[in-house]
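Listed below are the residues making up each chain.
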Amino acid sequence: MTGKPESQDEMQSLLGRRIVLGITGSIAAYKSAFLARELTRRGAEVRVVMTPSATEFITPLTLATLVDNPVHSDFTENKEKGTWTNHVELGLWGDLFLIAPCTAQTMSAMVSGACENLLQAVYLSARCTVMIAPAMDVDMFTNAATQNSLYTLRERGVEIIEPASGPLASGLDGMGRLEEPEIITERVEAFFDVSLPLKGKNVVITAGPTQEPIDAVRYIGNRSSGKMGFALAGRLADLGADVVLIAGPVSLPTPPRVQTRIDISTAEELFEATMKVWPKADAGIACAAVADLKPKRATDKKIHKDEFPKTVELEKTPDTLAAMGECKLEGQLLMGFALETNDGLESAMGKLEGKNLDFVVLNTLADDGAGFSHDTNKVTVIKRVGVNTEMRSFELKTKKEVARDLVDMIFQINNEV
Ligand SMILES: Cc1cc2nc3c(=O)[nH]c(=O)nc-3n(C[C@H](O)[C@H](O)[C@H](O)COP(=O)(O)O)c2cc1C
């Protein structure tokens, strides 16, 4: 078997990739079960969309079980309740829309812009790359109409996985067999390898809290979970960036593909680690909740209850973000976070100017579900544009989705913002 994964790393080559797998009404639809299994085995998150005709060749239950996600084949989910499948959401969710097998009928519908079933609607809504693996009888495949559809789709940027030659279900022999699932999977892997928009970019990102020791057991800290910074690091790495993640004490696993993680504990350690890598970075994101103050004197023994001083004298910690802004080179991009307890717009603006940032992300604890520890966040981003600023407010989203928005904004991916 070609492309059989040998190591754990190879197995996880698609980790975190979002693939919408479209299945159409070909006899080869049974092979999509093997394909779905190959993709998920390599770590991809797969959501399946089937044409009504495809459900006659293979059951949605089989696919749903293999990908561990519900399968969509109808515009409406529940006719009595009036719920419907959001094809736009599905179209936007995927990093890749792979239609395998793809019938002559579906190719023709893609060319004409028909929207007669959910799969066609997802195709029309998809912003990601679309890849199709045609499968049909040799005469159907070589027919001028089919070849014309292929030509047009290729011209429009659809990637084609050419069918293989060999014995066909019709009893004939020739071109038209769906390419083997392992080969299709390799094409998908290759697509993700070369289509990474942030390949070659170095990004340094700080995340989580710092802990400033008072004695051997106590410290001044904060409630930062690190989730926002880790989501950003994961998204950047997924897009091919070389990420250095400088993390305070958090209990989060390093996101897949993040190349370097440096664990620190205090604001001073964070400063030193960051300033070492910042000069070589293309972008910096300061997401860590760094303590502004630390105890002036910390003992390395535990202070007993009755010996504890009435006051703990504090002093300032180094301001890493300000230092990054101060020595920022031409072309380097710097994003800082501002966590406030009310709307805090003025203070965020002050940070943008005072620390020479290109972006400041404001999140306020006053918003339900925003800020520390939650899996969601609601942010407003202020971007410097020459001598002016632009502001964009996002709705409450998961931190992973917020990370997508922010990375898109920094590197102008999709040019949406
Ligand atoms: C047993 C059987 C096998 C079929 N195999 C194929 C095929 O491999 N490729 C193809 O383009 N059409 C094939 N068809 C025809 C499609 O199922 C038909 O065009 C259908 O309308 C496709 O709809 P869809 O593209 O929306 O899934 C087959 C039909 C039958 C009954």
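Everything that follows concerns the structure shown earlier in this document.
I will try to describe carefully the structure that is included in this document.

Digging into the nonpolar core
Counting residues in each nonpolar core, the largest one holds 36 residues, and the members touching the most others are Leu232, Leu236, Phe337, Leu406 and Phe411. Counting residues per element, the ones that place at least two in this core are strand S10 (202-207), helix H10 (227-238), strand S13 (242-247), strand S15 (283-286), strand S18 (333-340), strand S19 (359-364), strand S21 (379-385) and helix H14 (399-411). Apart from residues no more than four positions distant in its own chain, Leu232 is found in contact with Ile205, Ile285, Cys287, Phe337, Ala403, Leu406 and Val407. In this structure, Leu39, Ala44, Val71 and Leu96 belong to the second largest nonpolar core, which totals 31 residues.

Focus: the site of the ligand
Looking at the ligand, there are 15 residues lining it, with Gly25, Thr51, Thr103, Thr106 and Ala135 nearest. A distance of 2.8 Å is found between an oxygen atom of the ligand and a side-chain nitrogen or oxygen belonging to Ser26. Between the ligand and the protein, one listed contact pairs a nitrogen atom with a backbone N or O atom of Ala135 at 2.8 Å. Residue contributions to the shell around the ligand peak at 3 residues, all from helix H5 (residues 104-112). When grouped by side-chain class, the residues that make up the shell around the ligand number 6 nonpolar, 9 polar and no charged.

Structural notes on the sheet that holds strand S1 (residues 18-23)
The 5 strands lie next to each other as S2-S1-S5-S6-S7, forming an open sheet whose pairing is parallel. Each end of this open sheet is capped by a strand with a single partner; those strands are strand S2 (45-50) and strand S7 (159-160). Two elements, S1 and S2, share 6 bridges in a ladder whose sense is parallel. Bridged to Gly22 within S2 is Val49. The strands that H5 touches are strand S5 (96-102) and strand S6 (129-134); relative to S5, the one it contacts most, it runs at about 140°.

Digging into the pairing of strand S8 (residues 164-167)
Side-chain positions along a regular strand alternate between the two faces of the sheet. As paired strands, S8 and strand S9 (residues 173-177) are joined by 4 bridges and run antiparallel to one another. Each residue of the ladder has a partner; that of Ser165, found in S9, is Met175.

Some words on the layout of surface pockets
Here the second largest pocket is characterised by a volume of approximately 810 Å³. In terms of lining, the second largest pocket is formed by 38 residues, of which the most central are Ala288, Ala289, Val290, Phe337 and Lys351. Of all the elements in the fold, those that place two or more residues in the lining of the second largest pocket are H10, helix H12 (320-326) and S18. If you tally residues by element for the lining of the second largest pocket, the top one is S18, at 4 residues.

Brief notes about unusual backbone geometry
At the junction of Ala100 and Pro101, the peptide bond is cis and its omega measures out at 0° in the coordinates. Looking at the element boundaries, Pro101 is found in strand S5. In the Ramachandran plot, Asp68 falls in the positive-phi region, its phi being about 60° despite a non-glycine side chain.

About the thresholds
Residues numbered from 1 in each chain as written. Predicted model: local features only at pLDDT ≥ 70, side-chain atom pairs only at ≥ 80, totals over all residues. Heavy atoms only, no water. Core = buried A, V, L, I, M, F, W, Y, C linked by side-chain atoms within 4.5 Å. Buried < 20%, exposed > 50% of the residue type's maximum accessible area, 1.4 Å probe, protein only. Helix = DSSP H or I, 4+ residues; strand = E, 2+ residues; numbered from the N terminus. Contact = heavy atoms within 4.5 Å. Near = heavy atom within 4 Å. Polar contact = N/O pair within 3.5 Å; in protein donor to acceptor, adjacent residues only side chain to side chain. Nonpolar A, V, L, I, M, F, W, Y, C, P; charged D, E, K, R; others polar. Pairing = 2+ DSSP bridges. Axes fitted to C-alpha atoms, helices over the stretch in contact; angles between N-to-C directions. 1 Å grid on protein atoms, 1.4 Å probe; cavity = no way out; pocket = protein on both sides within 12 Å on 5 of 7 lines; lining within 4 Å. Points joined across faces, edges and corners; volume = space filled by probe spheres on them.

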